[in-house]
Amino acid sequence: MSRIALTVRDLRIELDPSGIEIDSEVSFELHEGEVLGLVGESASGKTTAATALLNFQRRGARIAGGSVNVAGREVFALGKSQLRHLRGGEISYVPQDPGSALNPALRIGTQLREVLEEHGFGSSDAERRDRVDEMMAEVLLPSDKEFLRRYPHQLSGGQQQRVVLGMAFACRPKVIVLDEPTTGLDVTTQAHVLSTLRDLARAHGVAAVYVTHDLAVVAELADRIAVMYAGRIVELGPSHELFRGASHPYTRGLLAAIPVIEGRRALKGIPGYAPRPGRRPVGCAFQPRCSYAVERCETEMPPETTVSQSHLVRCWRAAEVSAVVSVASDANESALVGGDQEALLQVKNLTAWYGSREILHDVDITLRAHECLAVVGESGSGKTTLSRCIAGLHAFKMTGDIEFQGAPLARHARSRPVPIRRSIQYVFQNPYSSLHPRKTIAQILKQPLDIFFDLDRDQREERLAELLELVSLEGSLLRRYPDQLSGGERQRVAIARALAADPTVLVCDEVTSWLDVSVQASIVELLVRLQREIGLCMLFVTHNLALIRSIAFEAAVMSEGRVVEYGPTDDVLANPRAQYTRSLLADTPTIKGALSEG
Amino acid sequence: MSPERKKGPQALHGPGLELSEEVIGPGFENVSAPRAQGDKRRSEWVQLAHDALGYRRTKIGLVLVLFVAVLAILGPLLAPYTPYEFTGLPYAQPGSDAVLGTDHLGRDVLSRVLYGGRSVLLLAFAATAIGSFLGVTFGLVAGYTRDAVDDTVMRLLDVVLAFPQIVLVLLFVSILGPKVWLIVLIVGLTHSPRIARVTRGATLEVRERDFIKAAEALGVSRIRIAIGEILPTITSPLLVEFGLRLTYSIGLIAALSFLGFGLQPPAADWGLMINENRIGLIVQPYAVFVPVALIAVLTIGTNLVTDGMARAMIGIERDTGAA
Amino acid sequence: MPPLLKVILRRTLLGLLTLLLVSGVVFAATQALPSDTARAILGREATPERLAALREQLDLNRPAIVQYGSWLGGVATGDLGDSLVAKQPVTALISGRVKNSAALVLLAALISVPLALLLGSLSGLLRDRGFDTVVSLGSLTLAALPEFVVGILLILLLATQVFHIFPAVTLLDPESSILAQLKMLVLPSLTLVLAVAPYIVRTLRASMIEVLESDYIQMARLKGMSERTVLGRHALPNAIVPAIQVIALNLAWLAGGVVVVEYLFNYPGIGSALMDAVSNRDLPVIQAITLLIAGLYVIFNLVADILTILVSPRLRTGLQ
């Protein structure tokens, strides 16, 4: 076996100065050339753990204990200049958002060269120039003078991330820490960055810690996977073993929540949400959301136990959990509404501008009564513009027709007659910005009721209770404010606000993209249920191709402002005709292979 | 919490939410003392005041302001003489019958100090109120309507901005004469572009947030959105701005009196006292020093309170993600 | 035309438009208000003959727009009219005053700007340490004080009650150069420095803190850059950009702030000239000086705008 490149022992990170625990008892080791996927949802403490490997914490947090050993050196024991030498030399870091991690005032050539200069790489400027050329070639970027003279903002997101990747590999480090490096990128760009990373790590024997919220991203990349929850590693093991023999209920829940392109599968979310530091329960932190929980889980923190030699888990009932055979069978199949329904809303030859730029070209789609149409596309495809045009929220020029029940719709929501405005409701992407921060949930939900209906007090109270029940929220939330709710709860409130108008068409714009995977699945479950129970017609806009099979009967794939593929979801996914759909399918990361392999 | 942040024309949310979401979400440093669920103070200005009082500088500032305010308001009740009586020789040194000595005409300095604060406080407050009303109105209109109206309003306000505040007052006073209402009005007017800029900036940011779009989609009228949806979310920056402008108003009003364009003799007014007595600075410094010191204490106090509010505002922004 | 030039030209034209509007305000406030300007100047006891003569001199008999046109034409050709009091051309009257004020403002700017940049960036860098606490509380306090309060406190401290180092009143010898009489300039310029510097300090401190918290500084540290490189190459250049506007604003403010300070110290500059002119209702002088001061603001702002574009790559290259 190859040599150990990184050892982490009992890492503990606290909030500074309160001493509230962020991470605790984080231990793992990594061999040369090995890739570890460090997977966790929000508030899991994965990013703090990652930067701790370089002995770095942002203001407000502090490393409180444990040890990190990189290539034989104790990182926490190093002096200032030794530590500087280690960072960027022996262990390097790739941040989440390359756009803000590159200095806006410096040319990228300067930022690349300074790493080599600072670490004394190469003996002459000519040698360092050669190394820069080499690095750029490795990350598949041009290295001509003109390119190196550019500023970060003159590069695309994918190019920026490649520059940072090149920078990280510049001094041939032993270990590289990647913090959600592809999160802001489109799947196509993500696929390219991932394959570049894999090739580089293999070729140079670099050990990599890949931090991500998305199990699917690391399914094919990582040799081993560590799942973090509430600041602890709850399961750690070789990828194939972890996917097929998941022994922690949380890992199982995550797997059931991840949408898979192949084969229709209803998604199953994990109830509740991950607790923040300072709000974590005693005992097992996952216990309040866990269907396996017993009394002991509430009082005692489970220790690390071995499932097999290299497979660790932190659960009192690991044996019972792993005894349940299939991961995928945890989820139930359910049929989606669809078929020969009448056309309810038709978009005809829609062309729209954003400022002076034309971003939608001649789009035609049809929403049918009681059915869900998914619109899939990457950023810049025009999918959100399309949905906003339908909702009457597009602020710029547009031509073409949108017909609702056979009659043309006014452009602006405000100029639509009340019954029409009431019939078409919109749910926004970001639940952190779509609810008024200074209003209670009751005030937020009352607004549409007061505008569209003439209810007396009792009727209104009754309707509020009904709405909350419809989106599976407790009545006590009415008196709360949005910032006292989790992201998933907020999105449910936003959906309830739309439902308050008693609409026939619900436009959902990327409604799950700000949520954790486990919460995303619950929202999709809810939307499917609403479709079935109240017969809503839905437009589901998403960038995630894997998601549409779980919710939409029909799908339209958009690229650069055009619909490139349109048909029943199953056909679109099984027999894509457009080249674009095919490459999108190929680039979308999936756990299918990992689940069924062997 | 933002695993799939998307770029491109659709992504309209500001950069504020992108920080360190992973560990603790948008309240990185604040989480160290998590707010209990029941502890939420709701109206934004109540919460701002409450949080601001958590800083020592706010408390000190408040004590200073209250000290001067009480002195100015209750002063006339405590004064040993009326401000117009001649109680001794000009520039008499402090003694048993005049604790702070007498002024250039032989009037009691202490009595004039006790009478002379009301005008400064009242006029400064009035000027700030006028400026805030105008500024917030201009800013909301410019920020929410955008395009041509926005351009025109802001360009016109730029013209006002081009004059240093005191110069604009002098310009208008030169022909119309030193009238108190004119000074208050012009000082308020000169504040308005600055307040409008802050209001407009905050409005522009809030306007892009989805809860405004949600109200638009429901068909809520523009004026109700501006007053009912936008204004309550930008009260923190506006209160901070109000504090700042109040500090400057006090300075400006006092400076104008000092230049001889405020209240006219024989009125008792701190700025005027400084002007009248500065020739005798060497002989009888109290007639100048005491009003100067009181103005200093007052402005330092308002500025400390303002700074406390500004700090509290940053905390509130983190908490609610509001602009 | 290169895009950069185009933007500069556009901004310049906008600046000129603002100047035009500014001149309108100056004119309107003095000559077009619905009051009898001539009577306001001469007072109630003025004889009809004198009123008529003044109206003739100031063109007050013609429609306001014609008056404005001929006044503006004069301004454009450097003819600011004659002083009503001194009976000589305004330009000749104020040119010496302008030089004196310029010396004062320049001295104050040369001291306050570098000092404030240094204190502000150090304070941001040493955030929450002793030095920072002293600097931020000091600048907070000074920023609150009106300039005449600062001036009087300085007089009490350095000229009259405590020490007797500097003169409390400026007595310039018009025969010798102002640089030979620096002692006279100390208190007025120190007052201006203390009035202006706190704002720049606070701006730079805030922007330094923001930059130091940024992702690219974290990245530079995680790349193993030396602290010198992190601060000198990555932090400072980015932190100074927002300060440019504030410096320009404050220099422009200095031009107006001199009014009170010159009056306080009896300093023979445009500020005290304006005060005299206002007391005497010397209309042409008032118009000339206010226009000059507001014009300076527009120019400083324009320069700051262009400078900001030039030093920020994103703005500069984003023009293409």
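What counts and what doesn't
- Once a new chain begins, its residue numbering starts again from 1 and follows that chain's sequence as written.
- A letter from A marks each chain and a number from 1 marks each ligand, given out in the order of writing.
- Two thresholds apply to this predicted model, a pLDDT of at least 70 for residue-level local features and 80 or more for giving and counting side-chain atom pairs, whereas whole-chain, interface and lining totals are computed over all residues.
- Values reported for side chains reflect all heavy atoms of the structure, with hydrogen atoms and water molecules removed beforehand.
- Here, nonpolar core means buried Ala, Val, Leu, Ile, Met, Phe, Trp, Tyr and Cys residues that are tied together by side-chain atoms lying within 4.5 Å of each other.
- Think of it in three bands: with a 1.4 Å probe and only protein chains considered, a residue is buried below 20% of the maximum accessible area for its type, exposed above 50%, and partly exposed in between.
- For the purposes of this entry, the term helix denotes a DSSP run of H or I that reaches at least four residues, the term strand denotes a run of E that reaches at least two, and both are numbered from the N terminus.
- Two residues qualify as a contact provided that any one of their heavy atoms is within 4.5 Å of a heavy atom in the partner residue.
- The length a helix should cover is 1.5 Å for every residue beyond the first.
- Definition used for salt bridges: Asp or Glu carboxyl oxygen within 4 Å of a side-chain nitrogen of Lys or Arg.
- Pairs of N or O atoms are called polar contacts if they sit within 3.5 Å, as long as, within protein, a hydrogen donor faces a hydrogen acceptor (for residues adjacent in sequence, only side-chain-to-side-chain pairs).
- Each residue gets one label: Ala, Val, Leu, Ile, Met, Phe, Trp, Tyr, Cys and Pro are nonpolar, Asp, Glu, Lys and Arg are charged, and the others, such as Gly, are polar.
- Only residues above 30% relative accessible area that lack a salt bridge enter a patch, with like-charged residues linked at up to 9 Å and the nonpolar side chains Val, Leu, Ile, Met, Phe, Trp and Tyr linked at up to 5 Å.
- For every accessible area listed, the method is Shrake-Rupley and the probe measures 1.4 Å; residues are considered covered only by the protein chains on display.
- Under the counting rule used here, the positive set is Lys and Arg, the negative set is Asp and Glu, and His together with the chain ends is not counted.
- The atom standing in for a charge is NZ when the residue is Lys, CZ when it is Arg, CG when it is Asp and CD when it is Glu.
- A pair of cysteine sulfur atoms is labelled a disulfide when the two atoms are within 2.5 Å.

## Considering the nonpolar core
Then, in step 1: Membership of the largest hydrophobic core comes to 165 residues, with the highest contact counts inside it found for Leu6(A), Phe28(A) and Leu527(A).
Then, in step 2: Here the element with the most residues in this core is helix 19 (residues 517-534) of chain A; it accounts for nine residues.
Then, in step 3: Beyond its immediate sequence surroundings of up to four residues, Leu527(A) is in contact with Ile495(A), Leu506(A), Cys508(A), Val511(A), Met538(A), Phe540(A) and Ile551(A).
Then, in step 4: If you look at the next biggest cluster of nonpolar residues, it comprises 115 residues, including Ile94(C), Ile247(C), Ala252(C) and Leu264(C).

## Quick look at helix 10 (residues 227-265) of chain C
Side chains of residues three or four places apart in an α-helix project in the same direction, reflecting 3.6 residues per turn.
Then, in step 1: In a regular helix each residue adds 1.5 Å, so 39 residues correspond to 57 Å; helix 10 of chain C covers only 46 Å between its end C-alpha atoms and thus falls short of that length.
Then, in step 2: Backbone geometry just downstream of helix 10 of chain C places Asn266(C) in the positive-phi region, at approximately 60°.

## Side note on the interface of chain B and chain C
Many structure descriptions define interface size as the accessible area lost when the parts assemble.
Then, in step 1: Listed by partner, the interface residues are 42 residues for chain B and 49 residues for chain C.
Then, in step 2: Counting the contacts that link chain B with chain C gives one salt bridge.
Then, in step 3: For Arg202(C), the salt bridge goes to Asp307(B), with nearest N and O atoms at 3.3 Å.
Then, in step 4: Seen at the junction of chain B and chain C, the total is eight residue pairs in polar contact (both at pLDDT 80 or more).
Then, in step 5: When contributions to the side of chain B that touches chain C are tallied by element, the ones reaching two or more residues are helix 6 (147-161), helix 7 (165-176), helix 11 (235-259), helix 12 (270-277) and helix 13 (286-320) of chain B.
Then, in step 6: Among the elements that take part in the side of chain B that touches chain C, helix 13 of chain B stands out by supplying 10 residues, more than any other.
Then, in step 7: Across the side of chain B that touches chain C, the residue classes break down as 30 nonpolar, seven polar and five charged.

## Section: the pattern of salt bridges
Any two side chains of opposite charge can pair, given that their charged atoms come close.
Then, in step 1: What the rule picks out here adds up to 49 salt bridges over all chains.
Then, in step 2: Where Asp132(C) meets Arg205(C), a salt bridge forms, and the shortest distance between an N and an O atom there is 2.7 Å. Placement of the pair is Asp132(C) in helix 6 (residues 130-144) and Arg205(C) in helix 8 (residues 182-212), with a sequence separation of 73 residues.
Then, in step 3: We classify Arg205(C) as buried; its relative accessible area is 16%.
Then, in step 4: Shared partners join several salt bridges into a network, and the residues in it are Arg12(A), Glu14(A), Asp16(A), Glu21(A), Glu25(A), Arg62(A), Arg232(A), Arg280(A), Glu304(A) and Arg314(A).

## Focus: a nonpolar patch on the surface
Then, in step 1: Nonpolar side chains collect at one region of the surface, where Leu53(B), Leu62(B), Leu66(B), Val70(B), Ile73(B), Leu74(B), Leu77(B) and Leu78(B) lie side by side and expose about 760 Å² of accessible area between them.
Then, in step 2: As for its position among the elements, Val70(B) is in helix 3 (residues 56-78).

## As for unusual backbone geometry
Then, in step 1: That bond from Asp16(A) to Pro17(A) is cis: its omega, 10°, falls within 30 degrees of zero.
Then, in step 2: Its place among the elements puts Pro17(A) in the loop between strand 1 (4-15) and strand 2 (21-31).
Then, in step 3: Pro266(B) follows Pro265(B) through a cis peptide bond whose omega is 5°.
Then, in step 4: Checked against the element boundaries, Pro266(B) lands in the loop between helix 11 and helix 12.
Then, in step 5: Phi is positive for Asn55(A), close to 55°, though the residue is something other than glycine.

## Comments concerning a positive patch on the surface
Residues and elements named next belong to chain A.
Then, in step 1: A cluster of basic residues, Arg113, Arg129, Lys145 and Arg149, forms a positive patch on the protein surface.
Then, in step 2: Secondary-structure assignment places arginine 113 in helix 4 (residues 108-118).
Then, in step 3: Note on arginine 113: relative accessible area 31%, which makes it partly exposed.

## Topic: the state of the cysteines
Residues and elements named next belong to chain A.
Then, in step 1: Evaluated as defined, the whole model comprises zero disulfides over all chains.
Then, in step 2: Between cysteine 284, a cysteine without a disulfide, and cysteine 297, which holds the nearest cysteine sulfur, the sulfur-to-sulfur distance is 6.0 Å.
Then, in step 3: Of the cysteine sulfurs around cysteine 508, a residue in no disulfide, the closest is that of cysteine 372, at 7.4 Å.
Then, in step 4: Here cysteine 508 falls in the buried class, since its relative accessible area comes to 0%.

## Considering helix 5 (residues 117-145) of chain B
Then, in step 1: Taking 1.5 Å per residue, 29 residues should reach 42 Å; helix 5 of chain B reaches 42 Å between its end C-alpha atoms and fits that length.
Then, in step 2: Just beyond helix 5 of chain B, the residue with positive phi is Asp147(B), at close to 55°.

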